[in-house]
Amino acid sequence: MNHRPFEDWLLEDQPLTPEQKCDLQSHLRLCNSCASIAESNLALHTAHIVSSSPGFTDRFKTRLAHRRSEQRWRQVIGTLVLVLGGLGLIYWLAGPIVQEAFNSPAEWITTAISYFLFVLTSLQALGEASAILLRVVPNFVTPIDLFVILTMVSGVGFLCILSIWRINRVPQGV
Amino acid sequence: MNEEMAWVIQAQQGSDEAFTNLVDAYQKHVYNLCYRMLGEPESAEDAAQETFLRAFQHIHRYDRKRPFATWLLSIAAHYCIDRLRRRKFSMASIDQDEDEGGFELPDADAPNPETEVMHSEQREQLQGLLKRLDSVDRAAIVLRYWNDCSEVEIAEALNLTVSAVKSRLHRARRELAGLWQAETPRSKPERRPNESPAF
């Protein structure tokens, strides 16, 4: 039996003209397959909205309060673990150094001063090296090369910003 | 600005009372979606509550350009789909509780008891058949026929394309009809003379 176009009319909920309705009616009397589509259509169109039992909002409020309390406890315990862990780690890492510093203060002060001087001289050397580079590089790099390099760097920067934006885009539907 | 949007804005600013108003306004639709998806009143209640909790926690992410109902139903549909997948994964077949049904669907406007009994049976049968559909197809059917969502809204809610929604709805309805025919092989729709049952 040819189900077209009756099946399409039924499956797509198309609005029908009186003649089409009449044709469909005649077809449905003979065709079990299309009649079952029509029956399931009827059931879908007459189906009711089911309501929850009374007091849904009150139960929600209770659940929300319970969830908040749970989260608060989780935060407190998390913070406590983090602080105690951090303190333990600091004690484990810095304990021997502190103890040594108290045992021989002169040695500790000498080490600190030498470290400070090392950082200072390193920075000074870095500054001098950069100044020399800035004086020398323009002799080798043409303005066009410089333009290309700067464009590439900007491009990479733009890609980074774009990636960060895409990752942080607000999702919908949770 | 309508009242609903005012509640949404207040809820985004941290007002519990405004969010409670939203719960009041949408509980029926969310619960119905969950019930049609999961098939049991207890699971539906739990899923609906969880939907509102998730919505409350993520209300700041809600884009005001979209309809709030679609956003909320999207959360509910995704939650139910996940739940059904977990249920399927844990080998607890949904067919096992097929005959549990038993949930009363009150109808105060019933024209006569016989018709009401027949419609009630049909609704129970429909609920049983819905359980056999794929979870995403089921969500599409429920959003279309119970929540009157357009194909575009269903696509937004289920993260699908509009053509995918059309094809899923078409497939699901054909499957429903097939199952309906298999369940009631000799039944004939009760129709008035010269009237199509679908219209």
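Conventions we followed
- Residues numbered from 1 in each chain as written.
- Chains lettered and ligands numbered in written order.
- Predicted model: local features only at pLDDT ≥ 70, side-chain atom pairs only at ≥ 80, totals over all residues.
- Helix = DSSP H or I, 4+ residues; strand = E, 2+ residues; numbered from the N terminus.
- Buried ≥ 20, exposed ≤ 12 C-beta atoms within 10 Å, placed from the backbone.
- Contact = placed C-beta atoms within 7 Å.
- Nonpolar A, V, L, I, M, F, W, Y, C, P; charged D, E, K, R; others polar.
- Axes fitted to C-alpha atoms, helices over the stretch in contact; angles between N-to-C directions.
- Parallel < 35°, antiparallel > 145°, perpendicular 65-115°, else oblique.
- Left-handed = near helix turned anticlockwise from the far one by under 90°.
- Core = buried A, V, L, I, M, F, W, Y, C linked by C-beta atoms within 7 Å.
- pLDDT = per-residue confidence, 0-100.

Participant: Help me understand the overall build of chain B, please; the structure alone is not making it clear to me.
Facilitator: Regarding its fold elements, chain B presents 8 helices and 0 strands. Per-residue burial over chain B gives 39% buried out of 199 residues. The long-range fraction of contacts in chain B, counting pairs at least 24 apart against all pairs at least 6 apart in sequence, stands at 64%.

Participant: What am I meant to see in the overall build of chain A here?
Facilitator: Along its length, chain A carries 6 helices and 0 strands. Listing the helices and strands of chain A from first to last along the sequence gives α-α-α-α-α-α.

Participant: Explanation requested: the interface of chain B and chain A in the structure shown.
Facilitator: Interface size is commonly expressed as the accessible area that is lost once the parts come together. Between chain B and chain A, the contact holds 47 residues from the first and 39 residues from the second. Put simply, the parts of the chain that give the side of chain B that touches chain A at least two residues each are α2 (16-38), α3 (41-57), α4 (68-89), α5 (113-130) and α8 (162-183) of chain B. Here the side of chain B that touches chain A is composed, by residue class, of 21 nonpolar, 14 polar and 12 charged.

Participant: Would you mind going over helix α6 (residues 135-145) of chain B with me for this structure?
Facilitator: Counting along an α-helix, one turn takes 3.6 residues, and residues three or four places apart therefore face a common direction. When you tally the buried positions in α6(B), you get 11 out of 11 residues, the bulk of the element. Every buried residue belonging to α6(B) is among B:Ser135, B:Val136, B:Asp137, B:Arg138, B:Ala139, B:Ala140, B:Ile141, B:Val142, B:Leu143, B:Arg144 and B:Tyr145, and all of these are buried.

Participant: Sorry, what's going on with helix α7 (residues 151-158) of chain B here?
Facilitator: Most of α7(B) sits inside the fold, with 6 of its 8 residues counted as buried. Note on α7(B): the residue one or two positions beyond its end, B:Asn159, has a positive phi of about 55 degrees.

Participant: Explain the environment of B:Gln122 to me, please; I cannot follow it from the model alone.
Facilitator: Among the structural elements, B:Gln122 can be located in helix α5. Measuring from C-alpha to C-alpha, the distance between B:Gln122 and B:Trp180 comes to 9.7 Å, with 58 residues separating the pair along the chain.

Participant: Looking at this structure, I do not really get the packing of α4(B) against α6(B). What am I missing?
Facilitator: In a pair of packed helices, the angle between the axes and the distance between the axes together describe the arrangement. All names here are of chain B. Between α4 and α6, the shortest axis-to-axis distance is 10 Å and the interhelical angle comes to 150 degrees. Overall, the two elements α4 and α6 adopt an arrangement that is roughly antiparallel. Considering only the axes of α4 and α6, their crossing is right-handed. Mapping the contact onto sequence places Leu 73, Ala 77, Cys 80, Ile 81, Leu 84 and Arg 85 in α4 and Ser 135, Val 136, Ala 139 and Leu 143 in α6.

Participant: Explanation requested: the packing of α6(B) against α7(B) in the structure shown.
Facilitator: Residues and elements named next belong to chain B. Packing of α6 against α7 leaves a shortest axis separation of 10 Å and a crossing angle of 140 degrees. Of the possible angle classes, the one that applies to α6 and α7 is oblique. Considering how the two elements wind past one another, α6 and α7 form a crossing that is right-handed. Contacts from Val 136, Ala 139, Ala 140, Leu 143 and Arg 144 in α6 reach Ile 154, Ala 157 and Leu 158 in α7. A per-class count over the contact of α6 with α7 returns 7 nonpolar, no polar and 1 charged.

Participant: Sorry if this is basic, but what is going on with the nonpolar core here?
Facilitator: Considering soluble globular proteins, one finds that nonpolar side chains tend to be buried as a cluster. Residue and element names in this part refer to chain B. In terms of nonpolar packing, the biggest core is built from 69 residues, with Val 30, Cys 34, Ala 76, Cys 80 and Ala 140 touching the most fellow members. Looking at this core element by element, the count peaks at 11 residues for α2. Here Val 30 is in contact with Ala 48, Thr 51, Phe 52, Leu 72, Leu 73 and Ala 76, once residues within four sequence places are set aside.

Participant: Where do I start with the environment of B:His58 in this structure?
Facilitator: Examined against the element boundaries, B:His58 turns out to sit in the loop between α3 and α4. Spatially, the C-alpha atom of B:His58 lies 9.0 Å from that of B:Gln12, the residues being 46 residues apart in sequence.

Participant: Just checking my understanding: could you explain the confidence of the model for chain B for this structure?
Facilitator: All names here are of chain B. This prediction gives chain B a mean pLDDT of 81; 76% of its residues lie at or above 70. Averaged pLDDT values for the elements of chain B fall to 73 in α5 and rise to 95 in α3. Every residue in residues 92-110 scores below 50 in pLDDT, and together they form 22 contacts with partners more than four places removed in sequence or on other chains. With a pTM of 0.66, the predicted complex shows an ipTM of 0.73.

Participant: What is the right way to read unusual backbone geometry from this model?
Facilitator: Backbone geometry follows two general trends: most residues other than glycine have a negative phi, and most peptide bonds adopt the trans configuration. Residues and elements named next belong to chain B. Even without glycine at this site, Asp 148 takes up a positive phi of about 55 degrees. With 9 C-beta atoms packed within 10 Å, Asp 148 lands in the exposed category. Look at Asn 159: it is not a glycine, yet its phi comes out positive at around 55 degrees. As for its placement among the helices and strands, Asn 159 is situated in the loop between α7 and α8. Judged by the 13 C-beta atoms lying within 10 Å of it, Asn 159 falls in the partly exposed class.

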